[in-house]
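Report on the structure
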Amino acid sequence: MLGEISETTFKWLDERLSLSAVASAAGKKKVPLHKQSFWYYMGGIAMLLLAVQFLTGILLMVYYIPELSSANSSVLFINSQIDFGWFVRSMHSWGANILIFVLFAHMFSAYFMKAYRKPRELTWISGLGLLMLCFGFGFTGYLLPWDEVAFFATKIGIDIAEQVPLIGVILANLLRGGLEVGQGTLSRFFLLHVIVLPLGLFAIAGIHLLLVQLHGMSEPKSFQAQAPEKKKYEMFFPDFFMKDLMVWLLAFNVLATIVILFPWGVGPEADPFAAAPAGIKPEWYFLGMFQFLKLLPAHISFIEGEKVGLLIFALIGGIFAAAPFIDKGENPKLSMFFDMYGLMILIGLIAFTIWGYLA
Ligand code: HEM
């Protein structure tokens, strides 16, 4: 009886959603097995963490109040008075940081495995779009608890945005929503964080995942060079999918353990009239760039130092983003150049981040 109902339900859905076509496509998808296969799990972990962010973010919105007089106390209330509030809040704060860390791993592994090459150029570009959106989530979310450190770090962040050539002043005014960081900024950051960025993320993540399904997993050069009889694959469904589930379980447990051992606190409420406390730093993923900008002199020739710094970032980032359109796999020297280029960026990022942390 039950079997008959599920069969009828499946048939009903199949006629409308072509489920068998999807199932048969998934049934054919193969994943290459090699020494670097481990990196294929990073995108899946990012998906899991995104789901955690959405769920915990919705729960936080039940009690969070985006008003200057209540923002900090509402977060304190969530942390101390609501059952499991501290857990949900810490999952959201830790989850955001770990998500960005995983995205770095995902991006650099895709880069060094040359997974950006034809036909995955748009997968690469959409991925970069997702990373930018996640930076946006991090920057806007940081201010929401309206604590001292977040307030001053945001002020510095907006001042840096003001230095972007041509559009900087407009961008900073749009973000600030007034002459000073205040209610206008909090309202705008809240709207960006809970509506605008999620909409963008849904759209681009949809495209990214669709492209991943369309093209299947890329094969690194060393794998492609093997004789056909030596190449090993596993079926995406059920073999790789089952491993994906195990990795998700593991990642979720790692996150929950960190959250329980190191719950995320709330700093003292921001006082816009107080002097900035010493050693204000942005979140770790902006720290490397922040440290680099700090080292520049006030003026380089007739241009402000920070403007020059931002132009350097744009140039370095632009070449990195354009890798699929330049390094197409036809020229071994170019390929080697991009390997070195990526390595320099990675080392530079790590070194400046550690420097910024210790400074
Ligand atoms: C929220 C952010 C993201 C999610 C949820 C996501 C998800 C995924 C998933 C599930 C896969 C297939 C499994 C894998 O290769 O790991 C994938 C592949 C890929 N992603 Fe992402 N991704 C994100 C961000 C990024 C970023 C930041 C980049 C790089 C700029 C990127 C570039 C790629 C590329 C090139 C592939 C193809 C890899 C291959 O075929 O070997 N993605 N992504």
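For the structure itself, consult the block above.
Described below are features of the structure shown in this document. Residue indices begin from 1 for each chain and proceed along its sequence in written order. At least 70 in pLDDT is required for a residue's local features to be given in this predicted model, at least 80 for side-chain atom pairs to be given and counted, and no such filter applies to totals for whole chains, interfaces and linings, which use all residues. As a convention, hydrogens and water are excluded, and side-chain values are obtained from all of the structure's heavy atoms.

1. Examining helix 15 (residues 332-358)
Side chains three or four residues apart in an α-helix point the same way, a direct result of the helix having 3.6 residues per turn. Threshold: The way it works is that DSSP assigns letters per residue, a run of H or I at least four long becomes a helix, a run of E at least two long becomes a strand, and they are numbered from the N terminus. Take the number of residues in a helix, subtract one, and multiply by 1.5 Å to get its expected span. For every residue, the accessible area obtained with a 1.4 Å probe (protein chains only) is divided by the maximum for its type, and the residue is called buried under 20%, exposed over 50%, and partly exposed between those limits. Contacts between residues were defined by any pair of non-hydrogen atoms, one from each residue, lying within 4.5 Å.
Helix length check: helix 15 (27 residues) gives 39 Å between terminal C-alpha atoms against 39 Å at 1.5 Å per residue, within 8%. Residues of helix 15 that are buried include every one of Ser335, Phe338, Tyr341, Gly342, Ile345 and Gly356, and no others. Structurally, helix 15 contributes buried residues whose contacts are with helix 5 (85-112), helix 12 (284-295), helix 13 (305-321) and helix 14 (323-326).

2. Notes on the site of the ligand
The criterion, for reference: Here a residue is considered near a molecule or strand provided that any single heavy atom belonging to it is located within 4 Å of it. For the purposes of these results, a polar contact is taken to be a pair of N or O atoms within 3.5 Å, where, inside protein, one atom must be able to donate a hydrogen and its partner to accept one; residues adjacent in sequence count only when each atom of the pair is a side-chain atom. By the convention adopted, Pro, Cys, Tyr, Trp, Phe, Met, Ile, Leu, Val and Ala count as nonpolar, Lys, Arg, Asp and Glu as charged, and the other residues, Gly among them, as polar.
By nearness alone, 25 residues border the ligand, and Gly43, His106, Gly127, His208 and Ser218 come closest of all. One nitrogen or oxygen atom from the side chain of Arg120 is found 3.3 Å from an oxygen atom belonging to the ligand. A distance of 2.9 Å separates a nitrogen atom of the ligand from a polar atom in the side chain of His208. Looking at the shell around the ligand, the elements with two or more residues in it are helix 3 (42-61), helix 5, helix 6 (121-143) and helix 9 (183-215). Broken down by element, the shell around the ligand gets its largest block of residues, six residues, from helix 6. Here the shell around the ligand is composed, by residue class, of 16 nonpolar, eight polar and one charged.

3. Some points on a nonpolar patch on the surface
Quick reminder of the rule: Candidate patch residues must exceed 30% relative accessible area and have no salt bridge, after which like charges are joined if within 9 Å and Val, Leu, Ile, Met, Phe, Trp or Tyr side chains if within 5 Å. In short, Shrake-Rupley with a 1.4 Å probe defines the accessible areas, and a residue's cover is counted only from the protein chains shown. Throughout this description, the term salt bridge denotes a Lys or Arg side-chain nitrogen within 4 Å of a carboxyl oxygen of Asp or Glu.
Where nonpolar side chains cluster on the molecular surface, the patch consists of Phe112, Met336, Met340, Leu343 and Ile347 and spans about 460 Å² of accessible area. Of all the elements, helix 15 adds the most residues to the nonpolar patch, at four residues. Of note, Phe112 is situated in helix 5. Owing to a relative accessible area of 30%, Phe112 belongs among the partly exposed residues under this scheme.

4. As for helix 8 (residues 168-176)
Spelled out, the test is: Here, the arc refers to the directions that run from the helix axis to the C-beta atoms.
Inspection of helix 8 places Gly168, Ala172, Leu175 and Arg176 among the buried residues, and these make up the whole buried set. Taken end-on, helix 8 shows its buried residues confined to a sector of 90 degrees, consistent with a single buried face. Helix 8 presents Ile170 and Leu174 as exposed residues on the side facing more than 90 degrees away from its buried surface. Just past helix 8, the residue Gly177 takes up positive phi, approximately 65 degrees.

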